[in-house]
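Geometric and topological summary
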Amino acid sequence: MAKPQNYLVGIDIGSSKIGVLIGLGGEGGDIEVVGKGEAPNRGTRKGNIVNVEVTVDALKQASEEAEVMAGVEISRAYVGVAGADIRSINCRGMVSVKRKDREITREDIQRVLDAAQSAALPSDREILHAIPQEFLVDEQGGISEPLGMLGSRLEVMLHLVTGNVTRSKTLLTCVNRAGIEVVEMVFEPLATAEAVLTDDERELGVLLVDIGSGTTEYSLFADGEVQHSGVLPVAAGHFTNDLAMVLRTPFAEAERLKVKEGCCLAHMVSDDEGISVPTVAGGSTRVVPRRELCDILQPRAEELFTLLQEDLARHGFEEAPRGGLVLTGGGAKMDGLLEMAEQIFNCSVRYGLPRGLGGLVDVINSPSWCTASGLLRWGLTAEQNQRTRKRRRGAFSMRGMMGSLRGMFEDLL
Ligand SMILES: Nc1ncnc2c1ncn2[C@@H]1O[C@H](COP(=O)(O)OP(=O)(O)OP(=O)(O)O)[C@@H](O)[C@H]1O
Ligand SMILES: [Mg+2]
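So, here is what we can say about the structure in this document.

Thresholds applied
Residues numbered from 1 in each chain as written. Chains lettered and ligands numbered in written order. Predicted model: local features only at pLDDT ≥ 70, side-chain atom pairs only at ≥ 80, totals over all residues. Heavy atoms only, no water. Salt bridge = Lys/Arg side-chain N within 4 Å of Asp/Glu carboxyl O. Helix = DSSP H or I, 4+ residues; strand = E, 2+ residues; numbered from the N terminus. Near = heavy atom within 4 Å. Polar contact = N/O pair within 3.5 Å; in protein donor to acceptor, adjacent residues only side chain to side chain. Areas by Shrake-Rupley, 256 points an atom, 1.4 Å probe, with all protein chains shown as cover. Axes fitted to C-alpha atoms, helices over the stretch in contact; angles between N-to-C directions. Parallel < 35°, antiparallel > 145°, perpendicular 65-115°, else oblique. Left-handed = near helix turned anticlockwise from the far one by under 90°. Contact = heavy atoms within 4.5 Å. Buried < 20%, exposed > 50% of the residue type's maximum accessible area, 1.4 Å probe, protein only. Pairing = 2+ DSSP bridges.

Using the criterion set out here, one finds 24 salt bridges in the structure. Of the charged contacts in the structure, one is a salt bridge between Glu303 and Arg300, with a shortest N-O distance of 2.8 Å. Here Glu303 pairs with Arg300, and both are found in helix H8 (residues 290–314), just three residues apart, close to one helical turn.

Given below as structure tokens:
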């Protein structure tokens, strides 16, 4: 098979499935999806790998499927990282401008970025992303590129995402053992945002919520940049567990019932709808009003959105974003969830699907494929920026810095 030098690969190691996409990136920013592979994953729980062998096997299966479809061999990939241990904080750095004529140089920018990250990290944590939200020159904010500006004080606001070192290493080991080099690990809601959000939404303010199987990840954007992001330990898998426990039915049946009949708003279901529910012993089947399903699912959905709202409030984001909410991830498909989010957040809510891709778009046109699609887009942006920086030494944009800040540091030195 041909080596995929001009190809981009995105790998989403989810708690329910591993999704691999191969895309062909164009100079104009377009991506054609040419390969897709998927395998169920039982080796990852709540975003963390709990069984290396099982995860590697699923990874191999999914990547081989994508390779056959694309007719290329995967050698390197952008890999999504999630998990309840991921933390994000906003921090500020400040330095005085060195040159006598007060022109801001790359070295000043480097120093202010370093200063913002100088707070000691515990030894078990590492920085996954350090994304500049804005630079301030002599207290004037909203600056995306301070290079060449005049001032005596340079400040930066950074969005810092940190992860657990050993968990990241385990993820790296799994991907390497499947014969794939990791180009970059990308915090999933940031990658997903690349695939589903519009530039207008990012400017206006938007909250992206990815309801997966084991975790719900979110990222809040405003003024074009990420303002806050995080992971909640409640997601679609909890709805299945609740149904299995309360209805005393096998997990596979509970999952089937949730996907087929699940609705989390009781008033959307009529009184006379009944559904048959098999019992755990595999013997009899009983008929349960569909509304009873809603009664089980509704509190869990409310808990999910309330946790999200509380976390945002704790970080100073009490008002709903002007651009509303975007729901994605397989869990977003549950009936009534969108309406419930509208009621709780009191703003507009839409579903997020992968956008702006060509090729096999019909086979990935699902909320479950947003993260893998976003990883392709992230990869293309990172690689284009690397090439641009090589051509125009030092010039950069805020979007270009996302994810590849380490690369930019090397470039700036
Ligand atoms: N119609 C549906 N209604 C409710 N839930 C659904 C529906 N379709 C899929 N799901 C749920 O979506 C989840 C899978 O979504 P997704 O593929 O986004 O998860 P994942 O990426 O594997 O998990 P994570 O992001 O937590 O690691 C499963 O729990 C599944 O039950
Ligand atoms: Mg996911």
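From this point, things continue past the structure.
Attention now moves to the site of ligand 1. In the region of ligand 1, 19 residues are neighbours, and Ser15, Ser16, Gly214, Glu255 and Lys258 sit closest. Between ligand 1 and Thr215 there is a distance of 3.0 Å, counted from an oxygen atom to a backbone nitrogen or oxygen. Taking Glu255, its side chain carries an N or O atom lying 2.4 Å from an oxygen atom of ligand 1. Here ligand 1, which alone exposes 650 Å², has 90% of that area covered by the protein.

Here the focus is the packing of H8 against helix H9 (residues 337–345). Where H8 meets H9, the axes come as close as 10 Å, and the angle between the chain directions of the two elements is 40 degrees. Between H8 and H9, the crossing angle belongs to the class labelled oblique. Remark: the crossing between H8 and H9 carries right-handed chirality. Residues Gln298, Ala301, Glu302, Phe305, Leu308, Gln309 and Leu312 of H8 lie in contact with H9, whose contacting residues are Leu337, Met340, Ala341, Ile344 and Phe345.

The buried count for strand E2 (residues 17–25) comes to seven of nine residues, which makes it a mostly enclosed element. The sheet contact formed by strand E1 (residues 7–13) and E2 spans seven bridges and is antiparallel. Within E2, the position partnered with Gly10 by the bridge is Leu21. In textbook terms, the turn of a hairpin is the stretch between consecutive antiparallel strands, and for E1 and E2 this stretch comprises three residues. Sheet topology note: the E2/strand E3 (residues 31–40) ladder contains nine bridges and is antiparallel. Looking at the pairing, Val20 lines up with Gly37 of E3. Linking E2 back to E3 in an antiparallel pair, the connection comprises five residues, with Gly29 at a positive phi of about 95 degrees.

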